[in-house]
Amino acid sequence: MERLETLGNNNNIPDPESLANEFNKTMKVNIKYHTAWRARNIVLLNLYGSYEEQYKKIPALCEMVKVTLKKMYACVASFSYGSTDNTFLSMTLCFKPSLDGCRKIIGLDACHLYEKYGGVLMVATGLDVQNGLVSLGIMVCRNETIENWKIFLKDLKAILGEDLHFTIMSDKQKGISEACDKYFCLDEHRVCFRHLMKNFKKYFKSFSLHTHFWNAAKCYKKRHYQQHMDKLFAEDEKAAMYLLDQKPECWSRCHFSNDSKCEHINNNFSESFNNMAKPFRDKPIITLGQIYCDPVYSVEYYKNTYAPEFEPLSDEIDWNILVEFINPHVIIIKTRRPRKKRIPSYDEAGSVKKMRKCKKCGIYGHYAVTCGGAEVGKNPKGNKPRTCVDGSTSTPYVPEPSKRKYKRKKPVASASAGASTTAKDGMKNNNSSKTCVGESSKQGAAKSGQGSKRKASSQPAFNQTNKHVGSVNNKVTFTVADPKGKKKPKNYMKI
């Protein structure tokens, strides 16, 4: 327990599975996942306190922030709760930065919290002149709704003032558009291209449409934008109209205003802040607020970071080369050519492989060497025109096309069909017989007598051996081998 507390003061506490594996390595004892999970919760409780107790300290935190930081910065620290049951609803912390060194752009985004009671963390992030992140405000609330976004942007607008105009970058999630139309109605509102592309792919699957859309969004000149949009109109008019409905001023770089001094078409800097805050998103709410209000995010700390002076490095000629005794490390050769480019994601432009076209048949997907002909049903039918050359005379001639002679096959009748047919013929000729087997055997005997030339001596023998044909016995007896060695007659049913 003491080791976990010491580890948690400087680093993140490992997950329960990692704790169980480490305990097995050190103590040679296997513990269950839930045992490690409960031990981890005890350590978190000792380090950060109870989740329930920290919700009760929210009013004291907001009062402390106002008293401490309002003398130096313009800040907002507010919270809200349910009027009937006193349950927590939201907490807002906003600070006004030094706007002289920041760009006039604000990125809005939200992410989920991993604490015991869950919730959503809303973030407003800015950019400085070196593309560094500037945190403008956060809001912890139960869920992402229109009402919460309006409360958050209302507090943010109170700090930034009415005179300055900003560019809002977002992914148009729940409530952002409605809140921006109310409190930032005169400002430019951009849409994250990555989210817009995902929505575009739901309705239009063509890769060429995605390429034209990407080219139209990233170009800097309007004539280039018009060229790509003309290609979109020529290929699919509905896709072009869909993009025009989204307003090119929100996603096309050539339509952006120059006031923000920012050419970003994605909201990646807000996603970067969410990723940076990921280690703190499972902490209690007071701990989360204290981390955000830490002085490390102030301008003074930023200046102290770049305050030391660094001397330029000397050239290699001036180096004092010592004894060369260090050798390169052991080469680890893999079984394939080393990769130079990273694997693109499925929704990135260029992630789909280029289809190869066959020079023989003109079909995509294979080469001329592996071509097996055109598609099914498109190969030329019939004999190809051919010119033959006689080797002895060297005279070419064109042979006549061969005529195929198809022999008509005789229909093969089944045994039951043949028996029924012969029985019908027998019934027409001999009305006295009622069995199919008898009639067919009689006709078969007559045909064999007419069609074949047999000796006169074989005919009486055939009739003598087939006396039973044409009649049915009332009782048929078969001899079945007894497993004990005795043969017993077995009676079957009467026909």
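Residues numbered from 1 in each chain as written. Predicted model: local features only at pLDDT ≥ 70, side-chain atom pairs only at ≥ 80, totals over all residues. Heavy atoms only, no water.

Visitor: A description of the overall build of the protein should follow, citing residues and the corresponding values.
Guide: For the protein, the count of helices and strands is 18 helices and 11 strands. Residue pairs at least 24 apart in sequence account for 53% of intrachain contacts in the protein once pairs closer than 6 positions are excluded. For the protein, the accessible area works out to roughly 36500 Å², and carbon and sulfur atoms hold 55% of it. (Helix = DSSP H or I, 4+ residues; strand = E, 2+ residues; numbered from the N terminus. Contact = heavy atoms within 4.5 Å. Areas by Shrake-Rupley, 256 points an atom, 1.4 Å probe, with all protein chains shown as cover.)

Visitor: Talk me through the environment of Ser208; I want residue IDs and the actual numbers.
Guide: Tracing the chain through its elements places Ser208 in helix H9 (residues 207-218). Residues Ser208 and Glu235, 27 residues apart in the sequence, show an inter-C-alpha distance of 8.7 Å. A polar contact is formed between the side chain of Ser208 and the side chain of Glu235, at a distance of 2.3 Å. (Polar contact = N/O pair within 3.5 Å; in protein donor to acceptor, adjacent residues only side chain to side chain.)

Visitor: Quick rundown of the nonpolar core? Include the residues and the values.
Guide: Ranked by internal contacts, the top residues of the largest apolar core, which has 25 residues, are Ile106, Leu108, Met122, Trp149 and Leu156. Counting only elements with at least two residues in this core, the list comes to strand E3 (102-112), strand E4 (120-128), strand E5 (133-141), helix H6 (146-160) and helix H7 (176-183). Ranked by residues supplied to this core, first place goes to H6 with 6 residues. Sequence-distant contacts of Met122, defined by excluding residues within four places in its chain, comprise Asp109, Ala110, Gly137, Ile138, Met139, Cys141, Asn143, Glu144, Thr145, Asn148, Trp149 and Phe152. (Core = buried A, V, L, I, M, F, W, Y, C linked by side-chain atoms within 4.5 Å. Buried < 20%, exposed > 50% of the residue type's maximum accessible area, 1.4 Å probe, protein only.)

Visitor: Account for the pairing of E4, with residues named and values stated.
Guide: Counting buried positions along E4 gives 9 out of 9 residues, so the element sits mostly inside the fold. Burial along E4 is two-sided: the residues Val120, Met122, Ala124, Gly126 and Asp128 and Leu121, Val123, Thr125 and Leu127 are all buried. Taking the residues that link successive antiparallel strands as the turn, the E4-E5 hairpin has 4 residues, and the phi of Asn131 there is positive, at about 60°. (Pairing = 2+ DSSP bridges.)

Visitor: Tell me about the sheet that holds strand E1 (residues 75-81), and please be specific about residues and values.
Guide: Paired through their backbone hydrogen bonds, the strands of a sheet run either parallel or antiparallel. If you trace the 7 strands from one edge of the open sheet to the other, you get E1-E2-E5-E4-E3-E6-E7, paired in mixed fashion. Edge strands, defined here as strands with exactly one partner in the open sheet, are E1 and strand E7 (188-191). The sheet shows a mean angle of 15° between the axes of neighbouring strands, taken without regard to direction. Helix H5 (residues 58-69) contacts E1 and strand E2 (88-95) of the sheet and is inclined by roughly 165° relative to E1. (Axes fitted to C-alpha atoms, helices over the stretch in contact; angles between N-to-C directions.)

Visitor: So what's going on with the packing of helix H8 (residues 193-203) against H9? Which residues, and what values?
Guide: At a closest axis distance of 11 Å, the pairing of H8 and H9 adopts a crossing angle of 155°. On the basis of their axis angle, the class for H8 and H9 is roughly antiparallel. Of the two elements, H8 crosses H9, and the hand of that crossing is right-handed. Contacts from Phe193, Leu196, Met197, Phe200 and Lys201 in H8 reach Leu209, His210, Phe213, Trp214 and Ala217 in H9. (Parallel < 35°, antiparallel > 145°, perpendicular 65-115°, else oblique. Left-handed = near helix turned anticlockwise from the far one by under 90°.)

Visitor: Just give me the short version of a nonpolar patch on the surface, but keep the residues and values in it.
Guide: On the surface, a cluster of nonpolar side chains totalling about 260 Å² of accessible area is made up of Phe23, Met27 and Val29. Locating Val29 in the fold gives a position in the loop between helix H2 (16-27) and helix H3 (33-48). Assessed through its relative accessible area of 38%, Val29 is described here as partly exposed. (Patch = residues over 30% accessible without salt bridge, like charges linked within 9 Å, V, L, I, M, F, W, Y side chains within 5 Å. Salt bridge = Lys/Arg side-chain N within 4 Å of Asp/Glu carboxyl O.)

Visitor: Outline the packing of aromatic side chains, listing residues and values.
Guide: Taken as a whole and assessed by the stated rule, the structure comprises 13 aromatic pairs. Ring geometry for Phe79 and Tyr81: centres 6.3 Å apart, planes at 25°, overall stacked. Under the relative-accessibility criterion, Tyr81 is labelled partly exposed at 47%. Here the guanidinium or amino end of Arg190 rests over the ring plane of Phe256, the centre of that ring lying 3.8 Å away. (Phe/Tyr/Trp six-rings, centres within 6.5 Å; stacked < 30°, edge-to-face > 60°. Lys NZ or Arg CZ within 6 Å of the ring centre and 35° of its normal.)

Visitor: Lay out the confidence of the model for the protein with the relevant residues and their values.
Guide: Do not read the predicted coordinates in detail wherever pLDDT is low. Across the protein, the average pLDDT comes to 75, with 64% of residues at 70 or higher. Confidence drops under a pLDDT of 50 for residues 4-10, and excluding neighbours within four residues, the segment shows 11 contacts in the predicted structure. Ignoring residues within four places in sequence, the model shows residues 414-459, a span with pLDDT below 50, making 19 contacts including any to other chains. (pLDDT = per-residue confidence, 0-100.)

Visitor: Explain H2 to me, and be specific about the residues and the numbers.
Guide: The end-to-end C-alpha separation of H2 is 16 Å, in line with the 16 Å expected for 12 residues at 1.5 Å each. Where H2 is concerned, the buried positions are Pro16, Leu19 and Ala20. In an axial view of H2, the angular spread of the buried residues amounts to 100°, which keeps them on one side of the axis. Opposite the packed face of H2, turned more than 90 degrees from it, sit the exposed residues Glu17 and Lys25. Among the residues trailing H2, Lys28 stands out with phi positive, at a value near 60°. (Expected span 1.5 Å × (residues − 1). Arc of directions from axis to C-beta.)

Visitor: Explain H9 to me, and be specific about the residues and the numbers.
Guide: A rise of 1.5 Å per residue sets the reference length of H9, with its 12 residues, at 16 Å; its end C-alpha atoms lie 17 Å apart and thus fit the reference within 8%. Turning to H9, its buried residues are Leu209, His210, His212, Phe213, Asn215, Ala216 and Ala217. Packed against the buried residues of H9 are H8, helix H10 (222-235), helix H11 (237-245) and helix H12 (248-251).

Visitor: Kindly report on the pattern of salt bridges, identifying the contributing residues and their values.
Guide: Pairs may arise between side chains of opposite charge once their charged atoms sit close together. Counted according to the given criterion, the structure contains 4 salt bridges. A salt bridge links Arg194 to Glu271; its shortest N-O distance comes to 3.9 Å. Taken together, the positions of Arg194 in helix H8 and Glu271 in helix H13 (residues 268-276) put the pair 77 residues apart, joining distant regions of the chain. Of the residues examined, Arg194 reaches a relative accessible area of 32% and is grouped as partly exposed. With a relative accessible area of 30%, Glu271 lands in the partly exposed category.

Visitor: So what about the packing of H10 against H11? Which residues, and what values?
Guide: Any two packed helices are characterised by the angle at which their axes cross and by the distance between the axes. It is at 5 Å that the axes of H10 and H11 come closest, and there the two elements cross at 135°. With respect to each other, H10 and H11 are oriented oblique. Residue-level contacts link Tyr225, Met229, Leu232, Phe233 and Glu235 of H10 to Glu237, Ala239, Ala240, Met241, Leu243 and Leu244 of H11. For the contact of H10 with H11, a count of residues per class yields 9 nonpolar, no polar and 2 charged. (Nonpolar A, V, L, I, M, F, W, Y, C, P; charged D, E, K, R; others polar.)

Visitor: Outline the pairing of E7, supporting the account with residue identities and numerical values.
Guide: Working note: regular strand, side chains alternate between the two faces of the sheet. Residues Glu188 and Arg190 point to one face of E7 and His189 and Val191 to the other, with burial holding for every one of them. Direction of pairing for strand E6 (residues 167-170) relative to E7: parallel, over a ladder of 4 bridges. Residue pairing in the sheet places Thr167 in a bridge with Glu188 of E7. Assessed by its sense of winding, the connection that carries the chain from E6 through H7 to E7 is right-handed. (Right-handed = clockwise from strand over helix to strand, strands pointing away.)

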